[in-house]
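If you want the building blocks of each chain, they are given just below.
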Amino acid sequence: MHARADAADTAPNWPDDIFATLQRYDVRQVPYVPDAGHSTLIQRVLASSTMRGIPLTTEEEGVALLAGAWTGGQRGVLLMQSSGVGNCINMLSLIPILRFPFLTLVTMRGEWGEFNPWQVPMGSTTQGVFELSGIKVLRASNAAEVPAVLEAAAAQAYNALTPTAVLLSQRLIGAKVFTK
């Protein structure tokens, strides 16, 4: 079996738009769990001389890492897939207690054209989990929306200290399809 991505919106530059916004906001640390939806952005971060990509074994490590980055005077952004949001629920309580800037970019699964039933429960509750945790949610469903959504999210997170999650829809990143 092999995987291919069927993207409804295949504009290739939206990860570059994200990277440019993160650079403008002087983001230095980028913890991530490897994810095909974030792969282009992760490659840009790893090639950067100003950002440090930090692979994680589980997503909740990224919440603590961002708290530590802020304590050390650096901004960060957590990259994860919607299925990893459930792993972070307890750690999300650190954000309002410590009042550090929190920005996460979440590639969605379990929605647009999903084939894997295991992805659907968390994909359908990701926004609610964030909102119940006090995190504002913004969504980009097509490439044209990405620059404005990222700019608004970064301003909220880093300037207004408003914890913010950006959901990058499955329609934007493309639904995975496994075929024989």
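Residues numbered from 1 in each chain as written. Predicted model: local features only at pLDDT ≥ 70, side-chain atom pairs only at ≥ 80, totals over all residues. Heavy atoms only, no water.

In the nomenclature of an unreviewed UniProt entry, the protein chain corresponds to Phosphonopyruvate decarboxylase from the organism Bradyrhizobium hipponense.

> An account of the nonpolar core is needed here, citing residue identities and associated values.
Counting residues in each nonpolar core, the largest one holds 29 residues, and the members touching the most others are Ile 18, Val 77, Leu 103, Leu 105 and Leu 168. Secondary structure elements with two or more residues in this core: helix H1 (14-24), strand E2 (27-32), helix H2 (39-47), strand E6 (103-107), helix H7 (146-159), strand E8 (164-168) and helix H8 (170-173). Per-element tally for this core: the top contributor is H7, with seven residues. For Leu 168, the contacting residues outside a window of four places in its chain are Trp 14, Ile 18, His 38, Leu 105, Val 106, Thr 107, Met 108, Ala 140 and Ile 173. Formed by 22 residues, the second largest nonpolar core is a distinct cluster that contains Leu 56, Leu 66, Leu 78 and Val 137. (Core = buried A, V, L, I, M, F, W, Y, C linked by side-chain atoms within 4.5 Å. Buried < 20%, exposed > 50% of the residue type's maximum accessible area, 1.4 Å probe, protein only. Helix = DSSP H or I, 4+ residues; strand = E, 2+ residues; numbered from the N terminus. Contact = heavy atoms within 4.5 Å.)

> Go over the pairing of E6 with me, naming the residues and quoting the values.
For E6, a buried count of five out of five residues is recorded, marking the element as mostly surrounded by other parts of the structure. A two-sided burial pattern is seen for E6, the buried positions comprising Leu 103, Leu 105 and Thr 107 on one face and Thr 104 and Val 106 on the other. Note that strand E5 (residues 78-81) and E6 share four bridges and pair parallel. Its bridge partner lying in E6, Leu 79 is registered against Leu 105. (Pairing = 2+ DSSP bridges.)

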